[in-house]
Amino acid sequence: MASLQDQLLKAGLADAKKAKQINKEKRKEAKQQPKGQPKADEIAEAARRAQQEKAERDRQLNREKQAQAEQRAIEAQVKQLIVTNRVARGGGGESDVAYQFAHGKKIKKIFVSPAQQDQLVRGLLAIVELDGGYELVPAKVAEKIAQRNTDRVLVRNEASQAPDEDDPYADYQIPDDLMW
């Protein structure tokens, strides 16, 4: 089977001089392109893909850094809320009572005044964690802290409600000094 070029030459549609010039240009172009090397278009495409991948990695890193910065800002807000609104606990005197609460799987104890114990039981005060220690804060501040980081609020009792009319134990009040 003859090539298309041979067929065009026989039919007289192309001349031999023009055919030789085209063949010469093809060989010259093939020699300029080393064997096994990708063509310029393939190189440009690979470079474009590499640039897109790098841009995507950079965007992902930026998102991670931004998330970390937001987390640090939230932690700073929580710490500031606790430090500025903490309630001074009892002075460690003999009149102080131990208030026990669960932190994770352990039972922890802090000493508070009897008035603070009453406020904790009624839901007016809450216990929050700060740098490995425990602090008392008002319940409204504890709500703000819980909106930012629920793990920091350890004890936040609900304000006591009026007993139901159908409650058979309504006449029996739980003593406030009951400790476990």
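Each remark here, short or long, concerns the structure printed above.
Rules used in this analysis
Residues numbered from 1 in each chain as written. Predicted model: local features only at pLDDT ≥ 70, side-chain atom pairs only at ≥ 80, totals over all residues. Heavy atoms only, no water. Helix = DSSP H or I, 4+ residues; strand = E, 2+ residues; numbered from the N terminus. Buried < 20%, exposed > 50% of the residue type's maximum accessible area, 1.4 Å probe, protein only. Contact = heavy atoms within 4.5 Å. Areas by Shrake-Rupley, 256 points an atom, 1.4 Å probe, with all protein chains shown as cover. Patch = residues over 30% accessible without salt bridge, like charges linked within 9 Å, V, L, I, M, F, W, Y side chains within 5 Å. Salt bridge = Lys/Arg side-chain N within 4 Å of Asp/Glu carboxyl O. Polar contact = N/O pair within 3.5 Å; in protein donor to acceptor, adjacent residues only side chain to side chain. Arc of directions from axis to C-beta. Pairing = 2+ DSSP bridges. Axes fitted to C-alpha atoms, helices over the stretch in contact; angles between N-to-C directions.

## Here's the deal with the overall build of the protein chain
Along its length, the protein chain carries 5 helices and 5 strands. Out of the 180 residues belonging to the protein chain, those deemed buried represent 18%. Excluding contacts between residues fewer than 6 apart, the proportion of contacts in the protein chain whose partners are at least 24 apart in sequence is 49%. Counting every atom, the protein chain has about 14500 Å² of accessible surface; 51% of that belongs to carbon and sulfur.

## A look at a nonpolar patch on the surface
On the surface, Leu-4, Leu-8 and Leu-13 cluster together to form a nonpolar patch covering roughly 320 Å² of accessible area. Along the chain, Leu-8 falls in helix H1 (residues 4–11).

## Considerations on the side chain of Asn-149
Locating Asn-149 in the fold gives a position in the loop between helix H5 (139–148) and strand S5 (153–155). Within the structure, Asn-149 has its side chain in polar contact with the backbone nitrogen of Asp-151 (distance 3.1 Å). Ignoring anything within four residues of it in the chain, the contact list for Asn-149 reads Glu-75 and Val-78.

## Observations concerning helix H4 (residues 114–122)
Burial in H4 covers these residues: Gln-116, Gln-117 and Leu-120. Viewed along the axis of H4, the buried residues span an arc of 105 degrees, placing them on a single side of the element. Buried-residue contacts for H4 involve strand S1 (97–103), strand S2 (106–112), strand S3 (125–130) and strand S4 (133–138). Looking one or two residues beyond H4, the residue adopting positive phi is Gly-123, at roughly 90 degrees.

## Quick notes on the sheet that holds S5
For sheets, the rule is that strands pair by backbone hydrogen bonds, running either parallel or antiparallel. Taken in spatial order, the 3 strands of this open sheet run S4-S3-S5, and their pairing is antiparallel. For this open sheet the edge positions go to S4 and S5, each flanked by a neighbour on one side alone. Direction aside, neighbouring strands of the sheet carry axes that sit 40 degrees apart on average. Bridging between S3 and S5 involves 2 bridges; their strand directions are antiparallel. Paired with Val-128 across the strands is Val-153, a residue of S5. In the packing of H4 onto the sheet, the strands contacted are S3 and S4, and the crossing angle to S3 comes to about 95 degrees.

Read these as geometric descriptors, not functional statements.
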